[in-house]
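Summary of the model geometry
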Amino acid sequence: MEETAAIASGLVADDPSSGDREAPVIVAVDHVNKIYSDGTHALKDVSLAVRDKEIVAVIGPSGCGKSTLLRAIAGLTSPTDGVCRVADGVQPAFVFQQPTLLPWRTAERNAELLLRLSGVPRAESRRRAHEAMTLVNLAGFEKAYPRALSGGMRMRLSLARSLAMKPDLFLLDEPFSALDEITRKTLNDELARIWFHQPFTAILVTHNLYEAIFLASRVVVMSARPGRIQTEIAVTLPYPRNSDVRLTSEYVSFVEQLSIELERAAA
Ligand SMILES: Nc1ncnc2c1ncn2[C@@H]1O[C@H](COP(=O)(O)OP(=O)(O)OP(=O)(O)O)[C@@H](O)[C@H]1O
Ligand SMILES: [Mg+2]
């Protein structure tokens with residue numbers, strides 16, 4: 001989508017600090033409030049603009065409305081006030097905390113599932129599923145059933161199934177939180193590598209400070225409920241990011257800065 005088209009459709013960032021000023025806005029959240037029917041005030045006046053090919057991490061205390069925000073962007077719930085807009089033609093792919101695989105389908109048949117459901121012919125689906133499985137280092141496991149895969153492999157397969165769709169926008173709700181620290185780091189490394197080779201726009205909800213700083217170009221810190229955007233940190237670490245980045249003093253100081261902001265937000 002061109003910048004002019006973005007402006008025409010009202011998808012304009014009003015936050016001058018946000019990302020690459022030239023890139024079109026893919027997600028625009030504008031003064032959103034969400035009050036559930038039981039009176040729970042989940043989101044309070046949240047505004048956020050995410051530009052093309054940005055990875056924005058969202059971090060904040062448990063129950064502050066992060067999942068609500070992602071669901072509102074995906075159109076799975078509607079804001080009480082304000083609007084969430086996704087640029088025309090952009091199909092978001094939602095990746096949940098738990099891998100949602102079909103146990104009776106082999107890995108490759110799981111990986112091609114969304115493509116098949118969207119009407120892509122069998123041969124093309126299979127080819128793209130294999131490509132995605134290779135990206136997440138699962139080549140060779142095409143015929144395995146989910147039960148024969150480790151937790152980390154299942155999560156990678158879940159990711160491959162979304163990657164095969166080549167989505168313009170990933171909505172990632174704590175996709176790695178069920179994994180051990182080493183597997184999480186490996187998957188973070190893989191996601192950073194995949195992003196570099198096949199860039200996409202993503203909003204990543206996480207509780208993990210290290211993951212947020214490693215992957216994101218910006219981290220949005222939310223306050224305790226009702227969730228407001230408390231502050232935003234621009235992560236100016238260079239790309240491509242690989243595991244060496246974690247050894248740099250810049251990385252460590254970004255993590256420290258985020259930790260302080262998060263404590264403030266929870267107070
Ligand atoms: N369908 C619902 N109906 C009523 N209240 C809800 C609903 N979904 C979420 N909530 C409440 O809204 C608040 C925000 O929930 P949400 O799941 O968005 O938080 P979160 O930041 O994702 O939390 P966590 O970090 O624990 O995943 C919570 O108090 C939650 O109990
Ligand atoms: Mg959540």
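All of these numbers come straight from a predicted model, not from anything done at the bench. (Residues numbered from 1 in each chain as written. Chains lettered and ligands numbered in written order. Predicted model: local features only at pLDDT ≥ 70, side-chain atom pairs only at ≥ 80, totals over all residues.)

**Brief notes about the nonpolar core**
The test is simple: Joining buried Ala, Val, Leu, Ile, Met, Phe, Trp, Tyr and Cys residues through C-beta atoms within 7 Å gives a set, and that set is a nonpolar core. Backbone-placed C-beta atoms define the burial measure: a residue is buried with 20 or more other C-beta atoms within 10 Å of its own, exposed with 12 or fewer, and partly exposed in between. Residue ranges assigned to the domains are those given by an automatic or database domain assignment. What counts as a contact here is a pair of residues whose C-beta atoms, placed from the backbone, lie within 7 Å.
Counting 70 residues, the largest nonpolar core has Ala57, Ala160 and Ile203 as its most contacted members. Counting residues domain by domain, this core receives three or more from each of domain 1 (3-91 + 168-266) and domain 2 (102-165). Contact partners of Ala160, with chain neighbours within four places excluded, come to Ala111, Ala132, Met133, Leu135, Val136 and Leu138.

**Regarding the domain arrangement of the protein**
Selection rule: For the purposes of this entry, the term helix denotes a DSSP run of H or I that reaches at least four residues, the term strand denotes a run of E that reaches at least two, and both are numbered from the N terminus. Residues are grouped as follows: nonpolar covers Ala, Val, Leu, Ile, Met, Phe, Trp, Tyr, Cys and Pro; charged covers Asp, Glu, Lys and Arg; every other residue, Gly included, is treated as polar.
According to the domain assignment, the protein contains domain 1 (3-91 + 168-266) and domain 2 (102-165). Each of domain 1 and domain 2 has a C-alpha centre, and the two are 26 Å apart. The biggest single contributor to the side of domain 1 that touches domain 2 is helix H7 (residues 181-197), with four residues. Split into classes, the residues belonging to the side of domain 1 that touches domain 2 amount to seven nonpolar, one polar and one charged.

**Section: the sheet that holds strand S4 (residues 81-86)**
Operational definition: In this analysis, strands are considered paired if DSSP registers two or more bridges between them. Only C-alpha atoms enter the line fits that serve as axes; for helices the fit covers just the stretch in contact. Angles between N-to-C directions range over 0 to 180 degrees.
If you trace the three strands from one edge of the open sheet to the other, you get S2-S1-S4, paired in antiparallel fashion. Two strands in the sheet have a free side with no partner beyond their single neighbour: strand S2 (41-51) and S4. Put simply, the sheet's adjacent strands are angled 15° from each other on average, direction ignored. Where strand S1 (residues 25-35) lies against S4, five bridges are found, and the strand directions are antiparallel. In the strand pairing of S4, Val29 is matched with Cys84. Set on the sheet, helix H2 (residues 66-74) makes contact with S1, S2 and S4; between it and S1 the angle comes to about 120°.

**What to know about the sheet that holds strand S3 (residues 55-59)**
The sheet built from six strands is open, its strands ordered S5-S6-S7-S3-S8-S9 with mixed pairing. Each of the sheet's edge strands pairs with one partner strand only, and the pair in question is strand S5 (92-95) and strand S9 (229-234). Between one strand and the next, the sheet's axes are offset by a mean angle of 15°, whatever the strand orientation. Pairing geometry for strand S6 (residues 169-173) and strand S7 (residues 201-205), over five bridges, is parallel. Looking across to S7, one finds that Leu169 is bridged to Thr201. Sheet contacts for helix H9 (residues 249-266): S3, strand S8 (218-222) and S9; angle to S9, the most-contacted strand, approximately 175°.

**Things to note about the packing of helix H6 (residues 151-163) against H7**
In helix packing, the relevant descriptors are the interaxial angle and the interaxial distance, both defined with respect to the helix axes. Quick reminder of the rule: With respect to orientation, any angle under 35 degrees is reported as roughly parallel, any angle over 145 as roughly antiparallel, any angle of 65 to 115 as roughly perpendicular, and every other angle as oblique. Note: crossing handedness is left-handed where the near helix turns anticlockwise from the far helix by less than a right angle, and right-handed where it turns clockwise.
At their nearest, the axes of H6 and H7 sit 11 Å apart, and the two run at 20° to each other. Classified by the angle their axes make, H6 and H7 are roughly parallel. Our pair here, H6 against H7, has a crossing hand that is right-handed. Counted together, Gly152, Met155, Arg156 and Leu163 of H6 and Thr183, Leu187 and Ile194 of H7 form the full contact between these two elements.

**Some points on H9**
Counted only if it meets this: Here the expected span of a helix is defined as 1.5 Å times the quantity of residues minus one. Taken from the helix axis, the directions to the C-beta atoms give the arc we talk about.
With 18 residues, H9 should reach 26 Å at 1.5 Å per residue; the first-to-last C-alpha distance of 26 Å fits that figure. Within the span of H9, buried status applies to Phe254, Leu258, Leu262 and Ala265. Around the axis of H9, the buried residues are gathered within 75° of arc, so they sit on the same side. Residues of H9 that are exposed and angled more than 90 degrees away from the buried face: Ser249, Ser253, Glu256, Ser259, Ile260, Glu263 and Arg264. Contacts made by the buried residues of H9 are with S3, helix H8 (209-215), S8 and S9.

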